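# Summary of the model geometry
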Amino acid sequence: MGYVDVSAVRHTLSDGRVLLDDVSFRVGEGARAALVGENGAGKTTLLRIIAGDLTPEAGSIARTGGLGVMRQFIGSVRDDTTVQRMLVDLSPPAVREAWDAVEATELALMETDDERSQMAYADALAQWGDAGGYDAEVTWDTVTVAALGVPYERCKYRELSTLSGGEQKRLALEALLRGPDEVLLLDEPDNYLDVPGKRWLEERLLETRKTVLFVSHDRELLARVADRVVTVEGGTAWVHGGGFASYHDARTARHERLAELRRRWDEEHQRLIDLVRTLQQQAANSPDMANRYHAMQTRLAKFEAAGPPPERPPEQKVAMRLRGGRTGVRAVTAEQLELTGLMQPFDLEIFYGDRVGVLGANGAGKSHFLRLLAGQTVAHTGDWRLGARVVPGFFAQTHAHPEWQDRTPVDLLWHGEPGRPGLDRGRAMAALRRYGLAGAGEQPFRTMSGGQQARFQILLLEMSGSTLLLLDEPTDNLDVLSAEALEEALAAFDGTVLAVTHDRWFARSFDRFVVFGADGRVYESAEPVFDETRVQRAR
Amino acid sequence: MAMAVPSTVSDPSVRSAIARLSREFPDLGPDPIVLVVRTCREELRGSPDGALPELVERLARQRLRVSLD
């Protein structure tokens, strides 16, 4: 079994800002540690340092056992990466190198079929065998059957972009959990997974004997799986040795202790300064006091050189003001609506003020339904209409806004768009500050973290004066605090909310549930339904 | 402990290569072909079993072609 030991790690950003300083913790053998912190606090950077992608400016990382890493982007792969390539990339270094050699020699053999390239190819194949490549292929077969329901030979050339986000994640997780690496770093492993997928993940993480360090914002997953919580905040990290249930209390107690230590330090500092001043005056009148004055000066200098204890980390303040407005009583009406090829026709009435959770199987058409209501082109039959004064505002799941990529939040707010008036710079900055985005106001949208992009989208919804919020997995990239702020904002929103979500914690704040079943049936439920199986389609 | 080297005579990768190459190079006669194929088989000893027939046949064909040039 393996462990990870992080010792006094320091990392500075390219702009000179210290992101992490004196970060030390240990994830012992067989531990399941959650890494939490606000968006942008440095969780992913810390994982990259542990994974060896980044070299820390100071400090060291010690670990035993092979290291398997699942990056955050898995689930949103849209390039031409194949299933085979991803499985190779998730393998131990020896297998990866042997695979690259086989590929290179195969290409060389296609170009020049001479004795030398044939021997090189034979040699590469032998090394592939020695590195455990054939065993790996057997494992990959088990992995693809478990994750996709098809053997490796049938899907190895398939592009990841043809798989759903959940399928991509599950494929990677199966590969890592069944692979030989004993330490796993998982960056948001639950993103894109539906609830059965998340429950599966929880069970697998609970039963694995591997050492796991994972980043997650899913409060349910954190509560069930983590046996300790590493928090990145205030430029450093600290460890809560218990589970998530006692985490909030531990964090509050720590913040109070830090504040108390700081207060005592400030008091002592002031007392020493006052003493130095008094002795300075006395020394001017009495040479006997000069020695005491110098001694006190030295003591103050030493005290200041030792420095104050760390400050209490600033609380992230996110204040969302989703206003909305009174609309017609019937906000959404659907009659015999069917999104072509996705479901059976259904009727639905949603009233002003309803909070509707849209739940159900992956691939059952939930996101398409929201896009249709948002006014986008989605093939369908049957009728649907929005009520009087209903203005839809849409929050997209994958933040697919290519036109925003190179623009800054301030620029986007300043220009406005149809249905959303522009804001002058001062008001734009004030709005960004309320969303904890003041620091990101001038950076291109594409360089913002997933959580920052999500918060910015909610800000745009606020500005657009929407009275019907259509939210597709809004909490997926939000840290715990931002998710709680969004829940509060939605509770105060004067209008109607439809949200597709797999966040069990978030779903509890809704009062009606529309479930898209795996069998194509759309039905209503008073309680959240999370066990619809995924839709089976021909592969 | 001595490693057991499989007999190359009964090796299917050798037999199939000899059969095919004998048809391809009828002028050479069986002896040189058998010798070249068995040498190739020995040299490729570390290769994975599944890949051996193809590797042996390709290498032997290459060497026979060069010997005729």
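All values derive from a computational prediction rather than experimental measurement.

## Remarks on the overall build of chain B
If you tally the helices and strands in chain B, you get three helices and zero strands. Ordered by position from N to C terminus, the α and β elements of chain B give α-α-α. Here chain B holds 69 residues, and the buried ones make up 26% of them. For chain B, long-range pairs separated by at least 24 residues make up 54% of all intrachain contacts whose partners lie at least 6 apart in sequence.

## Thoughts on the overall build of chain A
A tally of regular secondary structure across chain A gives 17 helices and 18 strands. Among the 539 residues that make up chain A, the fraction classed as buried is 40%. If you take every contact in chain A between residues at least 6 apart in sequence, the share linking residues at least 24 apart comes to 70%.

## As for the sheet that holds strand β13 (residues 380-386) of chain A
Residues and elements named next belong to chain A. Sheet architecture is open: three strands sit in the order β11-β10-β13, paired in antiparallel fashion. In this open sheet, the two strands that pair with only one neighbour each are β11 (346-351) and β13. Put simply, the sheet's adjacent strands are angled 10 degrees from each other on average, direction ignored. The pairing of strand β10 (residues 330-339) with β13 spans six bridges and is classified as antiparallel. Following the sheet pairing, leucine 339 is matched in β13 by histidine 380. Seen against the sheet, helix α12 (residues 366-373) touches β10 and β13 and runs at an angle of roughly 125 degrees to β10.

## Points about the nonpolar core
Core analysis: the largest hydrophobic core is formed by 144 residues, its most contacted members being Ala34, Leu35 and Leu470 of chain A together with Val37 and Val56 of chain B. No fewer than three residues from each of domain 1 (4-244) and domain 3 (330-525) of chain A sit in this core. Beyond its immediate stretch of four places on either side in the chain, valine 56 of chain B contacts Ser13, Val14, Ala17, Val37, Cys40, Arg41 and Leu44 of chain B.

## Quick notes on the pairing of strand β17 (residues 512-516) of chain A
All names here are of chain A. Most of β17 is tucked away: four of the five residues are buried. Direction of pairing for strand β12 (residues 355-360) relative to β17: parallel, over a ladder of five bridges. When the bridges of β17 are listed, valine 358 appears paired with valine 514. A loop of five residues connects β17 with strand β18 (residues 522-525), the two strands running antiparallel in sequence, and glycine 520 in this loop sits at a positive phi of about 90 degrees.

## Examining the domain arrangement of chain A
All names here are of chain A. Domain assignment breaks chain A into domain 1 (4-244), domain 2 (249-306) and domain 3 (330-525). In this structure, domain 1 and domain 3 have C-alpha centres spaced 31 Å apart. Elements with a contribution of two residues or more to the side of domain 1 that touches domain 3: α8 (195-207) and α9 (219-225). Class assignment of the residues belonging to the side of domain 1 that touches domain 3 gives a composition of three nonpolar, seven polar and six charged.

## Points about the UniProt feature "domain: ABC transporter" (unreviewed entry) in chain A
Per the UniProt record, "domain: ABC transporter" (unreviewed entry) is annotated on residues 1-259 and 327-538 of chain A. The straight-line gap between the two end C-alpha atoms of residues 1-259 of chain A is 39 Å; of that span, 46% is helix and 21% is strand.

## Section: the interface of chain A and chain B
If you look at the interface, chain A gives eight residues, while chain B gives ten residues. Counting residues per element, the side of chain A that touches chain B draws most heavily on helix α4 (residues 115-130) of chain A, which supplies six residues. For the side of chain A that touches chain B, a count of residues per class yields four nonpolar, two polar and two charged.

## Some remarks on the packing of helix α1 (residues 12-24) of chain B against helix α2 (residues 30-43) of chain B
Residues and elements named next belong to chain B. For the pair α1 and α2, the least separation of the axes is 10 Å and the interaxial angle reads 145 degrees. The handedness of the crossing between α1 and α2 is right-handed. Of the residues in α2, those touching α1 at Ser13, Val14, Ala17, Ile18, Leu21 and Ser22 are Pro30, Ile33, Val34, Val37, Arg38 and Arg41. Considering only residue class, the contact of α1 with α2 consists of eight nonpolar, two polar and two charged.

## Some remarks on the environment of arginine 45 of chain B
Residue position: arginine 45 of chain B is located in the loop between α2 and α3 (52-68). Taking C-alpha positions, arginine 45 of chain B is 9.8 Å from valine 56 of chain B, a pair spaced eleven residues apart along the chain.

## Quick word on unusual backbone geometry
All names here are of chain A. The phi dihedral of tyrosine 192 falls on the positive side, at around 75 degrees, and the residue is not glycine. Here tyrosine 192 shows up in the loop between β6 (183-187) and α8. For tyrosine 192, a count of 23 C-beta atoms within 10 Å gives the class buried. Look at glutamine 336: it is not a glycine, yet its phi comes out positive at around 50 degrees. Mapped onto the elements, glutamine 336 comes out in strand β10.

## Some remarks on helix α16 (residues 480-492) of chain A
Residues and elements named next belong to chain A. If you check α16, its first and last C-alpha atoms are 19 Å apart, about what 13 residues at 1.5 Å a residue would give, namely 18 Å. Along α16, the residues that are buried comprise Val480, Ser482, Ala483, Ala485, Leu486 and Leu490. If you follow the buried residues of α16, they end up packed against β3 (32-36), α9, α15 (450-464), β16 (496-500) and α17 (504-507).

## Some words on the sheet that holds strand β2 (residues 18-27) of chain A
Residue and element names in this part refer to chain A. Ordered in space as β2-β1-β4, the three strands form an open sheet in which the pairing is antiparallel. Looking at strand neighbours, the two that pair on one side only are β2 and β4 (58-63), the edges of this open sheet. Pairwise comparison of adjacent strand axes, ignoring direction, gives a mean angle of 15 degrees for this sheet. Strands β1 (4-12), β2 and β4 of the sheet are contacted by helix α1 (residues 43-51), whose axis makes an angle of about 120 degrees with β1.

## Here's the deal with the packing of α4 of chain A against α3 of chain B
Axis separation between α4 of chain A and α3 of chain B bottoms out at 10 Å; the angle between their running directions is 165 degrees. One finds that α4 of chain A runs roughly antiparallel with respect to α3 of chain B. For the element pair α4 of chain A and α3 of chain B, the recorded crossing hand is left-handed. From α4 of chain A, Glu115, Gln118 and Ala122 of chain A reach across to α3 of chain B, where they touch Leu55, Arg58, Leu59, Gln62 and Arg63 of chain B.

## Topic: the environment of proline 151 of chain A
Residue and element names in this part refer to chain A. Within the fold, proline 151 resides in the loop between α5 (133-148) and α6 (152-155). For the pair proline 151 and arginine 330, spaced 179 residues apart in the sequence, the C-alpha separation amounts to 49 Å. Ignoring anything within four residues of it in the chain, the contact list for proline 151 reads Asp141, Thr144 and Val145.

## Notes on the confidence of the model for chain B
All names here are of chain B. Per-residue confidence for chain B averages 81 on the pLDDT scale, and 86% of its residues sit at or above 70. For the stretch residues 1-9, pLDDT sits under 50, and the model shows five contacts to residues farther than four places along the chain or on other chains. Taken over the whole predicted complex, pTM reads 0.73, whereas the ipTM for its chain interfaces reads 0.71.

Definitions and limits used
- Residues numbered from 1 in each chain as written.
- Chains lettered and ligands numbered in written order.
- Predicted model: local features only at pLDDT ≥ 70, side-chain atom pairs only at ≥ 80, totals over all residues.
- Helix = DSSP H or I, 4+ residues; strand = E, 2+ residues; numbered from the N terminus.
- Buried ≥ 20, exposed ≤ 12 C-beta atoms within 10 Å, placed from the backbone.
- Contact = placed C-beta atoms within 7 Å.
- Pairing = 2+ DSSP bridges.
- Axes fitted to C-alpha atoms, helices over the stretch in contact; angles between N-to-C directions.
- Core = buried A, V, L, I, M, F, W, Y, C linked by C-beta atoms within 7 Å.
- Domains from an automatic or database assignment.
- Nonpolar A, V, L, I, M, F, W, Y, C, P; charged D, E, K, R; others polar.
- UniProt positions renumbered as here; feature names shortened; annotations may be inferred.
- Left-handed = near helix turned anticlockwise from the far one by under 90°.
- Expected span 1.5 Å × (residues − 1).
- Parallel < 35°, antiparallel > 145°, perpendicular 65-115°, else oblique.
- pLDDT = per-residue confidence, 0-100.

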